[in-house]
Amino acid sequence: MRKLRENWLTPIVTGFLATVLGGLALLLLKSDETQRSRVTSATIQGELKFPHPPQNEWESLTNEEPYARNYSRREKRPFDLYEQVVTIYENPMTTDRKNGQQIASGEYLEIFKVGNLNDIVIQLRLDKGHYWLLSRQRVKLMDYPYLATYNPEQDDATFKRFQIALQNIIDATRHFLKTQL
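The shown structure was predicted, so the numbers you read here are calculated from the model rather than taken from an experiment. (Residues numbered from 1 in each chain as written. Predicted model: local features only at pLDDT ≥ 70, side-chain atom pairs only at ≥ 80, totals over all residues. Heavy atoms only, no water.)

Asks: Describe the sheet that holds strand β6 (residues 119–127), with residues and values.
Replies: On the basis of which strands lie adjacent, the open sheet formed by seven strands has the order β1-β2-β3-β7-β6-β5-β4 and antiparallel pairing. Edge strands, defined here as strands with exactly one partner in the open sheet, are β1 (58–60) and β4 (101–104). On average, each strand axis in the sheet is inclined to that of its neighbour by 25°, with strand direction left out of account. The pairing of β6 with strand β7 (residues 132–140) spans nine bridges and is classified as antiparallel. From the neighbouring strand, Q123 faces β7, where its bridge partner is R136. Taken strand by strand, helix α2 (residues 156–165) contacts β4, β5 (107–113) and β6, and its axis lies near 95° from that of β5. The strands that helix α3 (residues 167–180) touches are β1, β3 (85–89), β4, β5, β6 and β7; relative to β6, the one it contacts most, it runs at about 30°. (Pairing = 2+ DSSP bridges. Helix = DSSP H or I, 4+ residues; strand = E, 2+ residues; numbered from the N terminus. Axes fitted to C-alpha atoms, helices over the stretch in contact; angles between N-to-C directions. Contact = heavy atoms within 4.5 Å.)

So, in structure tokens, the structure goes:
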């Protein structure tokens, strides 16, 4: 019985398991390779489309780089000092571009003062996988006079104070970037 197991059963069971596991591994590798192939061929064939903001609300700006498209909001909103600008980067977001506080997976927020005490910039970066977005807004703090004496870059607690006070503006931008672009 021992010889039967050593000479016949063990090699058959081992061979069967190796075949099954090898087949599963091959299927997994092949599906991953097929997915990569689809993305590559879509890029080569020009099927990979990048979004455009609605033309009735946004106008195209001069693009200084071939991998980035800039758009400006046609009308500034009451809280804006200037029209909001959005850049669509037609390449994946790299680690060095993930600046600011990470507020959600793939979302990075910066708030900093410029000009006088009542002006701040809100920059929001959103990683969309094969491309990423950068929104820049210069906002008046007239409706938030208590923030004028603070610097959002001072510490995390102060940054959070600005983030909470400006949450509606930030969320409107996040919603636009996620749903329109």
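So much for the structure itself; the text now carries on.
Asks: Now, about the packing of aromatic side chains: what can you tell me, with residues and values included?
Replies: The tally for this structure, following the rule as stated, stands at four aromatic pairs. Judged by centre distance (5.7 Å) and plane angle (90°), the ring pair of F50 and Y131 falls under edge-to-face. Taken as a pair, F50 in the loop between α1 (2–45) and β1 and Y131 in the loop between β6 and β7 lie far apart in primary sequence, 81 residues in all. Chaining the aromatic ring pairs together yields one cluster made of Y67, Y89 and W132. Seen from the ring of Y89, R97 lies directly overhead, with NZ or CZ sitting 5.2 Å from the centre. The residue whose ring lies beneath R161 is Y150, and the NZ or CZ to ring-centre distance is 4.4 Å. (Phe/Tyr/Trp six-rings, centres within 6.5 Å; stacked < 30°, edge-to-face > 60°. Lys NZ or Arg CZ within 6 Å of the ring centre and 35° of its normal.)

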